[in-house]
Amino acid sequence: MAKEPTVPKDIAALSFEDALKELEAIVQQLEQGKVKLDEAISAYERGALLKRHCEQKLAEAKMKVERINFSPDGSVSSQSAELG
């Protein structure tokens, strides 16, 4: 089984929003079909890495989300929310 490439530092430094914006631009560029084959391949590879980065950011955010619970006596507690 092939090992998945790690996300390059320049992509890892991007926020979720910036990575998603760049990914959307790559998709649009590829859909228009106005790039040479070798450029399209490079863009696709970068897009795949951006997608993985976005997925990692979403997974991290999901793990941080907590649900706040109020008990009948008025005390407050939190627990990890069940998402997905």
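Shown above is the structure to which this text applies.
Student: Just to check I follow, could you spell out the environment of S78 for this structure?
Tutor: Mapped onto the secondary structure, S78 falls in strand 2 (residues 76-80). A relative accessible area of 43% means that S78 is categorised as partly exposed. Between the C-alpha atom of S78 and that of V65, which follows or precedes it by 13 residues, the distance is 9.9 Å.

Student: Before we go on, may I ask you to explain helix 3 (residues 37-64) in this structure?
Tutor: Think of an α-helix as turning once every 3.6 residues; residues three or four places apart then point the same way. Its 28 residues give helix 3 an end-to-end C-alpha distance of 41 Å, which sits within 8% of 40 Å, the value for a rise of 1.5 Å per residue. Among the residues of helix 3, those classed as buried are A40, A43, G47, L49, L50, R52, H53 and C54. Buried residues in helix 3 make contact with helix 1 (9-12) and helix 2 (16-32).

Student: What is the right way to look at the environment of S75 in this model?
Tutor: Here S75 is to be found in the loop between strand 1 (66-70) and strand 2. Using a relative accessible area of 38% as the deciding quantity, one classes S75 as partly exposed. Not counting the four nearest positions on each side in its chain, S75 is found in contact with N69 and F70. A polar atom in the side chain of S75 sits 2.8 Å from the side chain of D73.

Conventions used here
- All residue numbers refer to position in the chain's written sequence, counted from 1.
- Only residues with pLDDT of 70 or above have their local features reported here, since the model is predicted, and side-chain atom pairs are shown and tallied only from 80 upward, although totals for entire chains, interfaces and linings are computed over all residues.
- The basis for every side-chain value is the complete set of non-hydrogen atoms in the structure, without hydrogens or water.
- Secondary structure follows DSSP: runs of H or I at least 4 residues long count as helices, runs of E at least 2 residues long count as strands, and numbering of each begins at the N terminus.
- Relative accessibility thresholds used throughout: buried, under 20% of the residue-type maximum; exposed, over 50%; partly exposed, between the two (1.4 Å probe, protein chains only).
- By this rule the span expected of a helix is its residue count minus one, scaled by 1.5 Å.
- In this description, contact between two residues means that some pair of their heavy atoms is separated by no more than 4.5 Å.
- Contacts described as polar in this section are N or O atom pairs within 3.5 Å, which, within protein, must combine one atom able to donate a hydrogen with one able to accept it, while residues neighboring in sequence count only if both atoms come from side chains.

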